[in-house]
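Summary of the model geometry
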Amino acid sequence: MKWYAYFILIAAVLCASGAGAAETPAASLANVQRAIDGNDQVLLEKYVDVRGIIARGVDVFVKDYAAHPSGEGGAPMLDMLSGGLAAQAGTAADQSMKLMLIEETRKFVIRGVASGDFSGRPSQRQDLPEGGIFSVLFADVSTARKELRGVQVQPPKGDLAAASATMFDHGSKRGYPVKLGLKRQAEGYWKVTDVTNMAELIRIVRKEAEAR
């Protein structure tokens, strides 16, 4: 699998119901796994700020992609998008392209969860959400189960909490360290709002791809 496909997957999957006033950050992360395993994209977006995490990851992704282009046999669409964003930085065109990239990536992730591509259990639904422009580009993404392992949550500080875990892909048999930021919502449950080691994850999967 191409390294940028892993990036999108990780940024977005971590990248969840039973929420109540007494719910802990650890319970929310357990519900994230329930959402993935249950092919429940609505539950996922309740417990994970998918769009916000992708938005914050785009700048990191574009910077790394521009510094390490895919080379021969890469993805022309991503070459065009990343090159355009780098060249138009700070302009209206930059913002339009960035919004498009964020939304299309979100569509890909939501479709991946709803379809069972991330749970390893294909859905029988006939009303699956649209996969966006990346659904064909990333058709080779592993459809085996994605599992959060070894979750450790630090004691909350006010309405903020931090957690670490390993995102294990049962298809590739690889684990990826993730550091997560959570925020308590007005309703009392906790929501994953950030993947704080995004740059590290991108470097890891890029080096894996370069080694093949």
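Overview of the structure. Being a predicted model, the structure only gives us computed values, none of them experimental.

1. Some points on the pattern of salt bridges
Counted according to the given criterion, the structure contains 13 salt bridges. Of the charged contacts, one joins Arg 145 and Glu 147 as a salt bridge, the two residues approaching to 3.3 Å between their closest N and O atoms. By relative accessible area, Arg 145 is classed as partly exposed at 27%. In this structure, Arg 149 and Glu 147 form a salt bridge, with 3.2 Å as the shortest nitrogen-oxygen distance. For Arg 149, a relative accessible area of 35% translates into the label partly exposed. Sharing partners across several salt bridges, the network here consists of Asp 37, Arg 145, Glu 147 and Arg 149.

2. Let's talk about helix H4 (residues 50-67)
In this model H4 runs 25 Å from its N-terminal to its C-terminal C-alpha over 18 residues, within 8% of the 26 Å that 1.5 Å per residue would give. Residue Gly 57 marks the point of greatest curvature in H4, where the axis turns by about 35°. When H4 is considered as a whole, its buried residues turn out to be Val 50, Gly 52, Ile 53, Ile 54, Gly 57, Val 58, Phe 61, Val 62, Asp 64 and Tyr 65.

Cut-offs and rules
Residues numbered from 1 in each chain as written. Predicted model: local features only at pLDDT ≥ 70, side-chain atom pairs only at ≥ 80, totals over all residues. Heavy atoms only, no water. Salt bridge = Lys/Arg side-chain N within 4 Å of Asp/Glu carboxyl O. Buried < 20%, exposed > 50% of the residue type's maximum accessible area, 1.4 Å probe, protein only. Helix = DSSP H or I, 4+ residues; strand = E, 2+ residues; numbered from the N terminus. Expected span 1.5 Å × (residues − 1). Bend = angle between axes of the 7 residues up to and from the residue.

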